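Inside the fold
Residue-level listing of the chains:
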Amino acid sequence: MELNSTFGDGYANKLILSYKNVEDDRDTNLGQPFPTVDINDGGGEINLGGEPFSTVNFLEQEVYTLTNDFDFFLGDHTVTVGTHNELYDLANRFVPFNYGWYIFLDNDDNGTAVDEFRETVCASIQNPGSQCNGVDAQIGPSVFARGFSLVDNDPSQSGFQEIIGDGTSAEGAFRALNTSLYVQDEWTASDRLTLTGGVRVDVPVYLDEPAYANRENPAVPDDAAPELNPRNTTVPAIENYYSMNGARPGDTPDPVLHWAPRFGFNFDVFGDEQTQLRGGTGVFTSRQPFVWPGGMYLNNGTNTGTVDFEFGFNEFRPNPQNGLTVSDFSGRDPTDLIPSGRLEMFEQEYYNPRFWRSSLGLDQELGGGFVGTFEAQYSNTLKNVLVTNVNLRPPNETLDGPDNRPIWVPEEYGPGQSEYTEAGDQRIDTRYANIHRVGNTSRGYSYNVTGRLRKTFEGIVTENSGLRTDVSYTYGDAFVVNDGTSSQINSLWDGVEHVNGANSIGLSRSDFSTGHRIIGRLSYRQQLGDRFALTTTLVYDGQSGRPFSYVIGSSDVMVRERGDSNSLLYVPRSASQLTFGEVDPDDEPAITPEQQAAALDQFISENDYLSQQRGDYAERNGDRTPWESVFDLNLRLQVFQQLLGRQQSVEITANIFNFSSLLGDIVGQDSWGRRYFNSSQVSLTSFREFTETEDGEYTPVYTAQEVIDEAVDTDGDGVADEVRTIDQRDIFNQIRTGSSYSSQYQVQFGIRYNF
């Protein structure tokens, strides 16, 4: 609802009220709940069950908005005083892999994962049928993860009760308010100069306090010991290693004033409207996904528990109603699982993302109808999100060899200073999986410069025709500590590539770095009589490829910091510096360590980026996918008609996205319109094992099968005599389907009525 009011000639007011109600329910589409099963079998992968993050994923949002702007017209000045207010009522029901997630790995590079899955199933189920005849029923190694509800259990009852799926009561529900006040003065200083200045202040407030493990929590028994309270046990133990910066279980960040002063100008340099200079500088406060602070309410040790990717001989339970919980992997009683799962806390003085941004632009009439534009922009990070896992003890070993990064060896840890810091575990409080302190970093910046030239040609074919031309070049780069691309706090921590651990990430190129980009546009419009017009537009988009990182496969098993496989590759001066194990895949010749080292050396030497990093670590997002060049074609037919005293029209459109791919198919050039996709990471080596650990030596053994395209055994002795290395472009997959950003052409038809 919008209400506009005027009060004489000097005042005006605009009031906007809105309400939004959104329900997002993601579902696994399984008629019968079943665990997620991933079987990595040699060169392929088999997936069973539902998507693991959709088992319980239901979000309800109610948003009330009030905006009011009051304008004062004071001669050359227009002063605006306003307020913008948003009240959120949110409930996020999210229990990832609630049905269980089993990952069977191809540990020996010999295609045994399928057998291990069958053997595990036959050993785990009662009264196996004929499908288990001849199967050696024994539980094989797997990785298991599961999230489960803690709030559906009745502490007065024996045993542990749990509700799976969307019926669970495990949700993070809270209310939040963001209120803003601002004042702005737009001053027409002269016919040539306009100045704009103002200041805005935003105040985010959380109206509810998160639960945590204390006696006042309904999920905690009344006779719970004081040691259950993490304020009495967990936080003091953590503070032996980390500063909490005011973060406490049950507390939200203080309401902090986010001041944002701004200034801008627009100047007609010579007063002839041919040279326009514009620019500005100021502070901008960004929105943040409420799913981040929602972690305080969802992951607090009393709401959901987590089996955090346990590697071992895990019993297979096909019925999630009887899924494995933390009690199956520890000495804890099933009825005493609070606290469990993750604990997520925000620092007392936490800021939403904030940036200082400055820009300068020049528009110049160049004669002959040409208009040139130059623009430059620079942004500096004032505050951005940074997540630290404060439940992680410092690393206690380093790798041996040229790569001497720190690692965590759980079996070498003693019991620690807290009764919940157990020997043989890298965690400070083993009741929790990960404990996250969410704060800010001030490191990061970005910049881009753009040059643009445009001109319109009238009557080039007939009197009623016109051609518009436009070409621009942009170069930009961006550097961050954390891009903040995930909806989960835990993924913000373990989703960043690193060398020294996920708690020690540094400044690196952003996932959203632009690089070079050229955009050209030709648009020809032909009037056909009084009632028809046809417009044909051809757009060229050439741009640098997307940034990506070289990482070590299975590095999570090597580093063991309870994160993902995000360890950046050490680029050896010679691959012989690294230790390789023989690869002996099924029905293929064995590939010796020497052959793998030679293949890795060849790949590095032929790679422009890696060849310059020898003797050092690959940088996060240090390389890019290949350059992409794509043409799009748009056809638009307009039909005009006078009706009821006004002109109306019908537009019929045809868009051919990646028109260059269509032309390539016609003339037999399959490389035209090629676009590349990667998951932001490329593995050239994978960790297999350590050579020796008994004497405190940790020399990693790798395989480099990823860089080998083909191994040929010419003499039949089972060992490859010829090994061919993959081409540099083979490490990328071409996008073939999904969206308009594709290596295949797509055609979209549309119709529009204007009246």
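As a starting point, this report considers the structure included with it. (Residues numbered from 1 in each chain as written. Predicted model: local features only at pLDDT ≥ 70, side-chain atom pairs only at ≥ 80, totals over all residues. Heavy atoms only, no water.)

Check the secondary structure of the protein and you find 7 helices and 38 strands. Each of the three principal axes of the protein carries a C-alpha extent, and together these read 85 × 75 × 50 Å. Burial analysis of the protein (755 residues in total) assigns 47% to the buried set. Restricting to contacts in the protein with at least 6 residues of sequence separation, those with at least 24 account for 70%. As presented, the protein carries roughly 36300 Å² of accessible surface, and 49% of it is formed by carbon and sulfur atoms. Charge separation in the protein, taken as the distance between the mean sites of 52 positive and 111 negative side-chain charges, equals 10 Å. (Helix = DSSP H or I, 4+ residues; strand = E, 2+ residues; numbered from the N terminus. Buried < 20%, exposed > 50% of the residue type's maximum accessible area, 1.4 Å probe, protein only. Contact = heavy atoms within 4.5 Å. Areas by Shrake-Rupley, 256 points an atom, 1.4 Å probe, with all protein chains shown as cover. Lys, Arg positive; Asp, Glu negative; His and termini not counted. Charge placed at Lys NZ, Arg CZ, Asp CG, Glu CD.)

As enumerated under the stated definition, the model contains 5 cavities of 30 Å³ or more in all. Estimated volume of the largest cavity: approximately 190 Å³. Looking at the largest cavity, it is lined by 19 residues, and the ones nearest its centre are Phe-94, Leu-298, Asn-299, Arg-342 and Gln-488. Secondary-structure elements contributing two or more residues to the lining of the largest cavity are strand E6 (77–94), helix H3 (295–298) and strand E13 (304–312). Looking at which element gives the most residues to the lining of the largest cavity, the answer is E13, with 3 residues. In terms of residue class, the lining of the largest cavity is made up of 7 nonpolar, 10 polar and 2 charged. (1 Å grid on protein atoms, 1.4 Å probe; cavity = no way out; pocket = protein on both sides within 12 Å on 5 of 7 lines; lining within 4 Å. Points joined across faces, edges and corners; volume = space filled by probe spheres on them. Nonpolar A, V, L, I, M, F, W, Y, C, P; charged D, E, K, R; others polar.)

Take the environment of Met-345 next. Inspection of the secondary structure assignment puts Met-345 in strand E14 (residues 343–346). When the C-alpha atoms of Met-345 and Thr-691 are compared, they prove to be 40 Å apart, with 346 residues separating the residues in sequence. Every residue in contact with Met-345, bar those within four places of it in the chain, is listed here: Met-244, Ala-247, Arg-248, Pro-249, Ile-435, His-436, Arg-437 and Val-438.

Right, let's get into the environment of Asn-634. Topologically, Asn-634 is positioned in strand E30 (residues 628–643). In this structure, the C-alpha to C-alpha distance between Asn-634 and Asn-655, residues 21 residues apart in sequence, is 4.5 Å. Asn-634 has contacts with Thr-535, Thr-536, Thr-537, Ala-654 and Asn-655, leaving out every residue within four places of it along the chain. Among the polar contacts made by the side chain of Asn-634, one reaches the side chain of Asn-655 at a distance of 2.4 Å. (Polar contact = N/O pair within 3.5 Å; in protein donor to acceptor, adjacent residues only side chain to side chain.)

It is worth spelling out the state of the cysteines at this point. Enumeration according to the criterion identifies 1 disulfide in this entry. The partner cysteine of Cys-122 in its disulfide is Cys-132, sulfur to sulfur 2.0 Å. Linking Cys-122 and Cys-132, the disulfide has an S-S dihedral of approximately -90° and is accordingly described as left-handed. Remark: Cys-132 occurs in the loop between helix H1 (113–124) and strand E8 (142–149) and Cys-122 occurs in helix H1; sequence separation between them is 10 residues. Residue classification places Cys-122 among the buried residues on the basis of a relative accessible area of 8%. What makes Cys-132 buried here is its relative accessible area of 11%. (Disulfide = S-S within 2.5 Å.)

Here we come to a nonpolar patch on the surface. A contiguous nonpolar patch, built from Leu-366, Phe-370, Leu-453, Val-471, Tyr-473, Ile-518 and Trp-627 and spanning about 590 Å² of accessible area, is present on the exposed surface. Within the secondary structure, Leu-453 is located in strand E20 (residues 445–458). (Patch = residues over 30% accessible without salt bridge, like charges linked within 9 Å, V, L, I, M, F, W, Y side chains within 5 Å. Salt bridge = Lys/Arg side-chain N within 4 Å of Asp/Glu carboxyl O.)

Let us look at the nonpolar core. By size, the foremost hydrophobic cluster in this structure holds 76 residues, and its most contacted members are Tyr-550 and Leu-684. The contacts of Leu-684, once residues within four sequence positions are left out, are Tyr-550, Val-551, Leu-569, Leu-600, Phe-603, Leu-610, Thr-703, Ala-704, Glu-706 and Val-707. Listed in part, the 21 residues of the second largest apolar core include Ile-39, Phe-104, Ala-219 and Ala-224. (Core = buried A, V, L, I, M, F, W, Y, C linked by side-chain atoms within 4.5 Å.)

Counting buried positions along E6 gives 13 out of 18 residues, so the element sits mostly inside the fold. In terms of strand pairing, strand E5 (residues 57–74) meets E6 through 18 bridges, oriented antiparallel. Within the sheet, the bridge partner assigned to Phe-72 lies in E6 and is Val-79. Between E5 and the antiparallel strand that follows it, E6, lie 2 residues; Gly-75 among them carries a positive phi value of about 65°. Two strands pair when backbone bridges link them, and E6 and strand E9 (residues 172–188) are joined in this way by 16 bridges, in the antiparallel orientation. Residue pairing for E9: Asn-92 is matched across the bridge by Gly-172. (Pairing = 2+ DSSP bridges.)

Turning our attention to the sheet that holds E13. Sheet architecture is open: 5 strands sit in the order E4-E3-E7-E8-E13, paired in mixed fashion. Each of the sheet's edge strands pairs with one partner strand only, and the pair in question is strand E4 (44–48) and E13. Sheet twist, expressed as the mean angle between neighbouring strand axes with direction ignored, is 10°. Bridging between strand E3 (residues 36–41) and strand E7 (residues 101–104) involves 4 bridges; their strand directions are parallel. (Axes fitted to C-alpha atoms, helices over the stretch in contact; angles between N-to-C directions.)

So, on to unusual backbone geometry. The step from Ile-338 to Pro-339 runs through a cis peptide bond, and the omega angle for that step is 5°. With respect to the helices and strands, Pro-339 occurs in the loop between E13 and E14. Not every positive phi belongs to a glycine, and Phe-309 is a case in point at roughly 55°. You can see Phe-309 is positioned in strand E13.

The next thing to look at is the side chain of Asp-425. For Asp-425, the position within the fold is in the loop between strand E18 (406–407) and strand E19 (435–441). With a relative accessible area of 12%, Asp-425 lands in the buried category. A polar side-chain atom of Asp-425 sits 2.8 Å from a polar atom in the side chain of Arg-427. Ignoring sequence-local partners within four residues, the contact set of Asp-425 consists of Arg-393, Pro-410, Tyr-413 and Thr-430.

Among all positions of helix H7 (residues 659–667), only Phe-659, Ser-660, Ser-661, Leu-662 and Gly-664 are buried. Each element contacted by the buried residues of H7 is listed here: strand E24 (532–543), E30 and strand E31 (646–657). One or two positions beyond H7, positive phi appears at Gly-668, with a value near 80°.

The strand order E27-E34-E33-E25-E29 describes an open sheet built from 5 strands, whose pairing is mixed. With partners counted over all chains shown, the strands left at the sheet margins are strand E27 (579–580) and strand E29 (623–624), one partner each. Bridging between E27 and strand E34 (residues 700–703) involves 2 bridges; their strand directions are parallel. For Thr-579, the partnering residue across the bridge sits in E34 and is Val-701.

The next point concerns the packing of aromatic side chains. Evaluation of the coordinates by the stated rule reveals 33 aromatic pairs. A centroid spacing of 5.0 Å and a plane angle of 45° characterise the contact between Tyr-19 and Tyr-64, whose relative ring orientation is tilted. Of this pair, Tyr-19 sits in strand E2 (residues 11–26) while Tyr-64 sits in strand E5, and the two are 45 residues apart along the sequence. According to the relative accessible area criterion, Tyr-19 is partly exposed, its value standing at 44%. We classify Tyr-64 as partly exposed; its relative accessible area is 38%. (Phe/Tyr/Trp six-rings, centres within 6.5 Å; stacked < 30°, edge-to-face > 60°.)

This paragraph deals with the layout of surface pockets. Estimates place the volume of the second largest pocket at around 690 Å³. Around the second largest pocket, the lining is made up of 36 residues, and of these Arg-332, Asp-336, Leu-337, Pro-339 and Arg-431 lie nearest the centre. For the lining of the second largest pocket, the class distribution of residues is 18 nonpolar, 6 polar and 12 charged.

Where like charges cluster on the molecular surface, the negative patch consists of Glu-23, Asp-24, Asp-25 and Asp-27. Structurally, Asp-25 can be placed in strand E2. A relative accessible area of 46% means that Asp-25 is categorised as partly exposed.

This is a description of form; function is not addressed.
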